[in-house]
Amino acid sequence: MKRILVIDDDEAVRKLFLLSLEETGYSVYTVSSGMDGIKALKQGQYDLIFLDLKMPGMDGVETLRELRKIDREVPVYIITAFHDEFFAQLKKAEADGMDFDVLHKPFDRKQLITATTGILEGPTSY
Amino acid sequence: MAHKTINVLFIEDNPGDCRLIQEMLAEASWGRVKMECVDRLSTGLERLTEGGVNCVLLDLTLPDSTGLDTFERVHAEAPEIAIVIVSGLSDEMLAIEAVQRGAQDYLVKDHLGSYVLGRSIRYAIERKRMEKELERHREHLEELVQERTDEVLRSNRALQAEIAERIRTEKDLKVSEVRYRRLFEAAQDGILILDAKRGQIIDVNPFLMEMLGYTHEEFIGKQLWELGLLKDIAENKEIFQQLQESKYVRYEHLPLKIKDGRRRDVEFVSNVYRVDGREVIQCNVRDITERIKDAEKLNKAYARLERQSVILAQQAKMIAVGVLAAGVAHELNNPLMAMLHFAQYCLKHIAEDDRSYTVLQDIEHEARRCIDIVKNLLTFSRNGAGKKEKYELKNPAEILERVVRLLSYRIEKEGVSLTSHVDEETPKIRMRVNAMQDVILNLLTNALDALEESKKKEVRIDVRPDGDGVLVSIADSGSGISPAVIENIYDPFFSTKPVGSGTGLGLSLCQGIIHAHGGEIACKSEPGTGTVFHAFIPTQRRKGAKSNEAHFSDRRR
């Protein structure tokens, strides 16, 4: 069973991930901070990570750098509405070899499922 | 002749001669003669001091004196008494000389006869008297002459002083005349001299001729109002009358029309004064055209500055509002998205014939609407953080498309027919994308607002190349803008919309943005037919160019 980790400080967002991805049959795990996400990745392997960019404490970009120290391969979707203020940092992370994709908020159920299966079932997945 | 006794003193040392003469005189028929005889000069002189002697008969050769000296001494003693020299032949020459020195006559003893002697004595006395008279007259005359001379001298001196004074005054006058002339000719103010009674121009200085464009001949003899300097004759006359009455007129700002029809602004001061018994008016005319122009420029600059500061303040406010809106939008983004997903989850797990199914569909639909609004808000406030947006090369059609998409809901709902034509040749423009988007959004929103009450609801958008830029025209078939309103449409806070519907800032911000791009915005409207806004934006923003004011000069309104 493919495992998905959702890191987002907003409970409503975590819940919508659980509900919308329920029918895909993947195991969805959610945590509310970057720290907890790192802990979770240390404890187990994941096939896809959804990472919120704007979070209190450790933000998405910092979390990404830590995650990549543990797992260089796992696909990561950065979730963001508008990333102007993080744009430079994201660019730099990308330049530093941090691999990630961006999923723009707001997205609906269908868009989320397509994005998820695209990674986990598509030709680009491993 | 009056028979008056004549006292004769005979100074003679020869007693014979004395006796002889005595006898001769006794025979005299012409009057009584009393003769005294003395033989010494000293005795004679003594006798003379006693007075009463009318005539002296004098022998020059005496025991105590001889020669001319004898005469001199007698003459010195009694200058007023006639002296007749009685001489011997031998000293005739001496006798002649004595006569030359003042003796009345000389008689030679050998030739004497009674008649001759008598005549000589009478004549001598008479001559002496005459002489004295003459002397007195002469003295009187001399006195008179002296007196007159003094008088003449005095008046002469007075005259000379007067002449000197005159000369000095004339010189002073001449100096002050020259000085005045020089002031008059060289003054950097116009000076006009008028006859105070009739207002005729007597003199005019070169500066005024140049200022007003009239020649000296055109000025002289004319009435002030004949020149038509002021707006109308009546006003000219009025000024003149006022001057005549008050003797002083001052206009701080008087607009004049000079000969070639141009306008000159002057400061005008006149005084009335009296010269050579006639009253004249001196008018000083100072050209203040440049000063007025500068003041107008300054006022305009102030007004512009004020307008700009209002716009800037409003822009700052809008930015703040934008930042706030963006914050709110960000906050709403997650919950709205969650609601959408929750509704979609329910729809997935509920039977389509369930009574709640359509309600859930409504929830999904409304959530999507909210999400769209938030999306738009975020798009348009993305630049609201206050940083200056960079210029990018963009196709204006792209911006237009985005705005139309944004307003498509309203366009559809209000039944507006929108036709959009973009010329294929339209070049890309260097622009601030979000700012330009705001402009198009504003203009299109205004067009839609104008259609709200219209039966015919049409909006036509044209984008085409125009010179060195692009012309975007947005025309509506709405109510139009009245000429009174159109004057004010770019003023900040000017709005015809109901309170709460418009900030009155839209067009002023639009104009600001277009000007910042080096472009120009213009509006043409016919009440009842519709309005068209033209925005011209140059493809390359010219360095230093603030706006392209001339672009619409021929088609504005």
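Residues numbered from 1 in each chain as written. Chains lettered and ligands numbered in written order. Predicted model: local features only at pLDDT ≥ 70, side-chain atom pairs only at ≥ 80, totals over all residues.

Looking now at the overall build of chain A. When helices and strands are counted, chain A shows five helices and five strands. Moving toward the C terminus, one meets the helices and strands of chain A in the order β-α-β-α-β-α-β-α-β-α. If you take every contact in chain A between residues at least 6 apart in sequence, the share linking residues at least 24 apart comes to 73%. (Helix = DSSP H or I, 4+ residues; strand = E, 2+ residues; numbered from the N terminus. Contact = placed C-beta atoms within 7 Å.)

Another aspect to go through is helix H12 (residues 433–451) of chain B. All names here are of chain B. Here H12 spans 27 Å end to end across 19 residues, near enough to the 27 Å set by a 1.5 Å rise per residue. Within H12 the residues assigned to the buried category are Met436, Gln437, Asp438, Val439, Ile440, Leu441, Leu443, Leu444, Asn446, Ala447, Ala450 and Leu451. As for H12, its buried residues are in contact with helix H11 (396–413), strand E13 (429–431), strand E14 (458–466), strand E15 (469–476), helix H14 (506–516) and strand E17 (530–538). (Expected span 1.5 Å × (residues − 1). Buried ≥ 20, exposed ≤ 12 C-beta atoms within 10 Å, placed from the backbone.)

The subject of this paragraph is the interface of chain B and chain A. Counting residues at the interface gives 16 residues for chain B and 15 residues for chain A. Elements that contribute at least two residues to the side of chain B that touches chain A include exactly helix H9 (289–349) and helix H10 (357–381) of chain B. A per-class count over the side of chain B that touches chain A returns nine nonpolar, five polar and two charged. (Nonpolar A, V, L, I, M, F, W, Y, C, P; charged D, E, K, R; others polar.)

Here we take up the confidence of the model for chain B. Residues and elements named next belong to chain B. The predicted model of chain B averages 82 in pLDDT, with 89% of residues at 70 or higher. Segment residues 544–549 is flagged for pLDDT under 50; beyond a separation of four residues in sequence, or across chains, it makes 11 contacts in the model. The model gives residues 553–557 a pLDDT under 50, and that stretch makes three contacts with residues more than four places away or in other chains. Reported for the predicted complex are a pTM of 0.43 and an ipTM of 0.90. (pLDDT = per-residue confidence, 0-100.)

Residue and element names in this part refer to chain B. The sheet built from five strands is open, its strands ordered E12-E14-E15-E17-E16 with mixed pairing. Only two strands of the sheet have a single neighbouring strand rather than two, namely strand E12 (417–422) and strand E16 (520–526). Each strand axis lies, on average, 10 degrees off the axis of its neighbour in the sheet, ignoring direction. Pairing of E12 with E14, which is carried by six bridges, proceeds in the parallel orientation. Among the inter-strand pairings, Ser420 is bridged to a residue of E14, identified as Ile461. Contacts between H11 and the sheet are confined to E12, E14 and E15, with E12 contributing the most and set at about 175 degrees to the helix. This element, H14, spans E16 and E17 of the sheet and lies at about 140 degrees to E16. (Pairing = 2+ DSSP bridges. Axes fitted to C-alpha atoms, helices over the stretch in contact; angles between N-to-C directions.)

In terms of nonpolar packing, the biggest core is built from 37 residues, with Ile49(A), Phe50(A) and Leu51(A) touching the most fellow members. At the level of secondary structure, the elements contributing two or more residues to this core comprise strand E1 (3–7), helix H1 (11–20), strand E3 (48–52), helix H3 (60–70) and strand E4 (76–80) of chain A together with H9 and H10 of chain B. No other element matches the eight residues that H9(B) contributes to this core. When sequence neighbours within four positions are dropped, the list of residues in contact with Phe50(A) reads Val6(A), Ile7(A), Phe17(A), Tyr77(A) and Ile79(A). Ranked by size, the runner-up nonpolar core spans 35 residues in total, among them Val403(B), Leu444(B), Ile521(B) and Ala535(B). (Core = buried A, V, L, I, M, F, W, Y, C linked by C-beta atoms within 7 Å.)

Taken residue by residue, chain A gives an average pLDDT of 89. The fraction at 70 or more is 94%. No element of chain A has a lower mean pLDDT than helix H4 (residues 87–95) of chain A, which averages 83, and none a higher one than E1(A), which averages 97.

Our next topic: the pairing of E1(A). Residue and element names in this part refer to chain A. Among the five residues of E1, four are classified as buried, and the element is accordingly described as predominantly covered. Direction of pairing for E1 relative to strand E2 (residues 27–31): parallel, over a ladder of five bridges. Of the residues in E2, the one forming a bridge with Leu5 is Tyr29. Regarding topology, H1 serves as the crossover connection from E1 to the parallel E2, and that connection is right-handed. (Right-handed = clockwise from strand over helix to strand, strands pointing away.)

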